[in-house]
Every structure is written in C-alpha cells, then in structure tokens.
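Take a look at the letters that make up each chain.
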Amino acid sequence: MDESPIGRLVRGLAMAAAFAGGCALTVVTAVTVISVIGRALIPVGLSAVPGDFEIVQAGVLFAVFCFMPWCHLDRGHAIVAIVTDRFPVRFSALLEFIWDVAMMIAATFIAWRLWAGLIDKIGNRESTFILRVPLWIIYTGGLIGALIFVVITIYCVLRSGQNALSPRPARPLSGSGE
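Conventions adopted
Residues numbered from 1 in each chain as written. Predicted model: local features only at pLDDT ≥ 70, side-chain atom pairs only at ≥ 80, totals over all residues. Heavy atoms only, no water. Salt bridge = Lys/Arg side-chain N within 4 Å of Asp/Glu carboxyl O. Helix = DSSP H or I, 4+ residues; strand = E, 2+ residues; numbered from the N terminus. Buried < 20%, exposed > 50% of the residue type's maximum accessible area, 1.4 Å probe, protein only. Expected span 1.5 Å × (residues − 1). Contact = heavy atoms within 4.5 Å. Polar contact = N/O pair within 3.5 Å; in protein donor to acceptor, adjacent residues only side chain to side chain. pLDDT = per-residue confidence, 0-100. Disulfide = S-S within 2.5 Å.

**Regarding the pattern of salt bridges**
No. 1: This model, assessed by the stated rule, comprises six salt bridges.
No. 2: Residue Asp52 pairs with Arg39 through a salt bridge whose shortest N-O separation is 2.9 Å. Pair noted here: Asp52 is in helix H2 (residues 52-73) and Arg39 is in helix H1 (residues 5-40), with a separation of 13 residues, a long-range link.
No. 3: When its relative accessible area of 11% is taken as the criterion, Asp52 is described as buried.
No. 4: Of the charged contacts in the structure, one is a salt bridge between Asp100 and Arg75, with a shortest N-O distance of 2.7 Å. With Asp100 in helix H4 (residues 89-124) and Arg75 in the loop between H2 and helix H3 (81-84), the pair connects residues that are 25 residues apart, well separated along the chain.
No. 5: Taking the relative accessible area as the measure of exposure, Asp100 reaches 1% and is therefore buried.

**Some details on H2**
No. 1: Taking 1.5 Å per residue, 22 residues should reach 32 Å; H2 reaches 32 Å between its end C-alpha atoms and fits that length.
No. 2: Along H2, the residues that are buried comprise Asp52, Glu54, Gly59, Ala63, Phe65, Cys66, Pro69, His72 and Leu73.
No. 3: Looking at the buried positions of H2, the neighbouring elements they touch are H1, H4 and helix H5 (135-165).
No. 4: Backbone geometry just after H2 places Arg75 at a positive phi near 55°.

**Remarks on the environment of Glu54**
No. 1: Its place among the elements puts Glu54 in helix H2.
No. 2: Spatially, the C-alpha atom of Glu54 lies 9.9 Å from that of Ile138, the residues being 84 residues apart in sequence.
No. 3: With residues near it in sequence (within four places) discarded, Glu54 still touches Thr128, Phe129, Ile130 and Leu131.
No. 4: Reaching out from Glu54, the side chain makes a polar contact with the side chain of Thr128 at a distance of 3.1 Å.
No. 5: At a separation of 3.0 Å, a polar atom in the side chain of Glu54 contacts the main-chain amide nitrogen of Phe129.

**A closer look at the confidence of the model for the protein**
No. 1: Taken residue by residue, the protein gives an average pLDDT of 91. The fraction at 70 or more is 93%.
No. 2: Mean pLDDT across the elements of the protein ranges from a minimum in H3, with 68, to a maximum in H1, with 96.

**Let's talk about the state of the cysteines**
No. 1: Overall, the coordinates contain zero disulfides when judged by the stated rule.
No. 2: Between Cys66, a free cysteine, and Cys23, which holds the nearest cysteine sulfur, the sulfur-to-sulfur gap is 9.7 Å.
No. 3: Judged by relative accessible area, Cys66 falls into the buried class, the value being 2%.
No. 4: This cysteine, Cys156, is not joined by any disulfide, and Cys71 carries the nearest cysteine sulfur, 10 Å off.
No. 5: For Cys156, a relative accessible area of 0% corresponds to the buried category.

Here it is as structure tokens:
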C-alpha cells in the first residue's frame, strides 16, 4: 500500500466514492423494497413509490461510477492471473502499465461523454418522465464518479509506470488489493 500523502489521498478519495455509491445502493434497495410491498398491498390502499424505476436508474448510475475508482485502485477487475502470473516480473509490470493506460483512456472517454451529455441535458431542459427531475442532475452524479475514476486511473498509470521502469520491478498485484 502506498503510504505517501498522495497515495493516502487517492485511496481516501476512492474509498469515499465507494462509500457514497454504497449509500446510493442502500437507498435504491429501500425504494425497491417499499415499492414492491406497496404494489403487493394495492388491495388495502397502498401503492408503489412514484418514479421508483427513475430513482433506481439514477442511483445505480451513480453507484457504478462511484465503485469503479475503488475497483481499479485495488485491482478488482477480472484478470487472467493463471496466465499472467507465469510471465516474467518485468513483462507483467509492463503489461500492468499498458492496461492502466488503456483504463485511463477509457475513463477519460467516459467522463468526456458524460460531460457532453450533461451540457446537452442542461441545454434542452430534459427531465425524467414521472418525477420531473432534470436529467442534468443525474448526469452530474455519474460525472462526479467518472472524474474521480479519471484521477484514480492517472495515479495508477504513474504507479505502474514507475514500477515498470524501476531496475527491479515488483510483481504487479493480481486483484489482491494493495
């Protein structure tokens, strides 16, 4: 684990984002349970939560983008360790660097497109169908997570690049965390 001030800051940022995503999923779960119970009890006068699917969509969007930074920082993505663990250490370190660069490019592209969508939704004043929540608010939630993801991927590129270029690289982490 990187105990430098930057390493602790990046880890704290990823952890805070993951916690926010977990809170969003808790709310989504509660809304879903309440809505299902309401639907089951329609004969006694209850009903579903209005706009429940809109709440679930927005909450899951936010949660996914909040979990991605932590997942990438801790190497939680699917890998083929049974193959890559057999590679020489230097080659594995170089491969990790290449994948980190690819992930940084993907994260930057996603953030850019969310930004473009956000600007579009602000301009056309589009809103959800039932709750009438402006879509730019939902896009902003996803964009915040995506921007944190970009920061984390930049850090990972620097970390893996330093390892790949060192005289004695360490074996890259294989989803076991830092």
